[in-house]
Amino acid sequence: MPELPEVETIAEGVNARVRGRRIVSAFFGAKPEPLKSAPEEMLRALTDRTIQRVRRVGKHIVFDLADKPGSPVRAQWLVHLGMTGRLLVAQPEIPVAAHTHAILQLEDQREIRFVDPRRFGRLSVLWLDAKGAAKSSSEGFAGTGREPLTISEDDFYDLFHKRHAPIKAMLLNQSLLHGVGNIYADESLFHAGVRPKRQAARLTRAELLRLRQALQQVLRNAIALGGSSVSDYVDADGARGFFQLEHRVYMRTGEPCLVCGTPIRRIVLAGRGTHYCPQCQR
């Protein structure tokens, strides 16, 4: 599943290519699973609206939609990529891939395509004014948890220091921090020198702050390298990321630790495969 760096890379890429463009039409496929909002509602929100901005909130990609450039945002189109979702900007002559569930045509004829073979992704609309339909919010989509790239030291400590579940499980809890998934939880815990099974409440303040610093550094490095392509992930142009070349523990079971040479171990924690170095992480 794409995590924060992959979603950030896709959102930035799409934003650079389509910001300020008007959507002239939209198509949605017949499969119901990806359509969290009704197709008619999404058509009403998207058609003849200008894309003011495309950005990441947690693991969601948010399209801010307005009546015209510079006018207030009326609605947001929310895209969650699920496990295998891709969001591509393509020329109309490029063949449409199998499992394409949405196509937005822009005024310059280019298309924004949502492709998702396993159909775990979700598409929905959030209205921001009274002219919308059932959903309305003056604040817009905010996600379910705190933003890991900007959370302060005190807030990070307060978030975890009284929780008795394993710290790896807490990092994956999207109601606490949104956007962090299996790859970056494992990599951050390695860089912080913390074992994934340790109870969050048993970590000292110094350890938690070291984990915060490691998490933010790992996420920023991954964004700079375009994310990790370990499955179906590609960016808005269909290109793969490179951060998988920097992985220290994730998917390296049995291989020697790049710091101490100890074989990397794999356990199952919170239902997820978890990788760590038994020597470097305490």
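Residues numbered from 1 in each chain as written. Predicted model: local features only at pLDDT ≥ 70, side-chain atom pairs only at ≥ 80, totals over all residues. Heavy atoms only, no water.

1. Side note on the environment of Glu111
Within the secondary structure layout, Glu111 lies in strand β7 (residues 111-115). Spatially, the C-alpha atom of Glu111 lies 6.3 Å from that of Pro92, the residues being 19 residues apart in sequence. Contact partners of Glu111, with chain neighbours within four places excluded, come to Leu88, Val89, Ala90, Pro92, Ile103, Leu104 and Gln105. Reaching out from Glu111, the side chain makes a polar contact with the side chain of Arg113 at a distance of 2.7 Å. (Helix = DSSP H or I, 4+ residues; strand = E, 2+ residues; numbered from the N terminus. Contact = heavy atoms within 4.5 Å. Polar contact = N/O pair within 3.5 Å; in protein donor to acceptor, adjacent residues only side chain to side chain.)

2. Quick word on unusual backbone geometry
Phi is positive for Asp48, which is not a glycine, with a value near 65°. Its place among the elements puts Asp48 in the loop between α2 (39-46) and β2 (50-57). Its identity is not glycine, yet Met251 carries a phi of approximately 60°, on the positive side. Secondary-structure assignment places Met251 in the loop between α6 (205-224) and β9 (265-269).

3. Focus: the sheet that holds strand β6 (residues 100-106)
Reading across the sheet, the four strands line up as β1-β6-β7-β5 and stay open at both edges, with antiparallel pairing between neighbours. Looking along the sheet, the strands with just one partner apiece sit at the ends: β1 (23-28) and β5 (86-90). Each neighbouring strand pair of the sheet contributes to a mean axis angle of 15°, computed without reference to strand direction. Bridge count for β5 against β7 is five bridges, and the pairing is antiparallel. Bridge pairing in β7 places Val89 opposite Ile112. Strand contacts of helix α1 (residues 4-18): β5, β6 and β7, with the helix running at about 25° to β5, the strand carrying the most contacts. Each of β1 and β6 touches α2; the most contacted strand, β1, lies at about 165° to it. (Pairing = 2+ DSSP bridges. Axes fitted to C-alpha atoms, helices over the stretch in contact; angles between N-to-C directions.)

4. Quick look at the sheet that holds strand β3 (residues 60-66)
Spatially, the four strands line up as an open sheet ordered β2-β3-β4-β8, and their pairing is antiparallel. A strand with exactly one partner marks an edge of an open sheet, and here the two such strands are β2 and β8 (122-127). Within this sheet the neighbouring strands show an average axis-to-axis angle of 20°, counted without direction. Seen against the sheet, α1 touches β2 and β3 and runs at an angle of roughly 165° to β2. Each of β3, β4 (73-80) and β8 is contacted by α2, which is oriented at about 60° to β8, the strand it contacts most.

5. Examining the packing of α1 against α6
Direction vectors running N to C along α1 and α6 enclose 40°, while the axes themselves pass 9 Å from each other. Of the possible angle classes, the one that applies to α1 and α6 is oblique. For the pair α1 and α6, the sense of crossing is right-handed. Contact residues: Leu4, Pro5, Glu8 and Thr9 in α1; Leu219, Ala222 and Ile223 in α6. Here the contact of α1 with α6 is composed, by residue class, of five nonpolar, one polar and one charged. (Parallel < 35°, antiparallel > 145°, perpendicular 65-115°, else oblique. Left-handed = near helix turned anticlockwise from the far one by under 90°. Nonpolar A, V, L, I, M, F, W, Y, C, P; charged D, E, K, R; others polar.)

6. Examining the side chain of Glu6
Residue position: Glu6 is located in helix α1. We note that Glu6 is buried and unpaired, the nearest opposite charge coming from Lys59 at a distance of 8.1 Å. At 2.7 Å, the side chain of Glu6 forms a polar contact with the backbone nitrogen of Glu3. (Buried < 20%, exposed > 50% of the residue type's maximum accessible area, 1.4 Å probe, protein only. Lys, Arg positive; Asp, Glu negative; His and termini not counted. Salt bridge = Lys/Arg side-chain N within 4 Å of Asp/Glu carboxyl O.)

The quantities given are spatial measurements derived from coordinates; they are silent on function.
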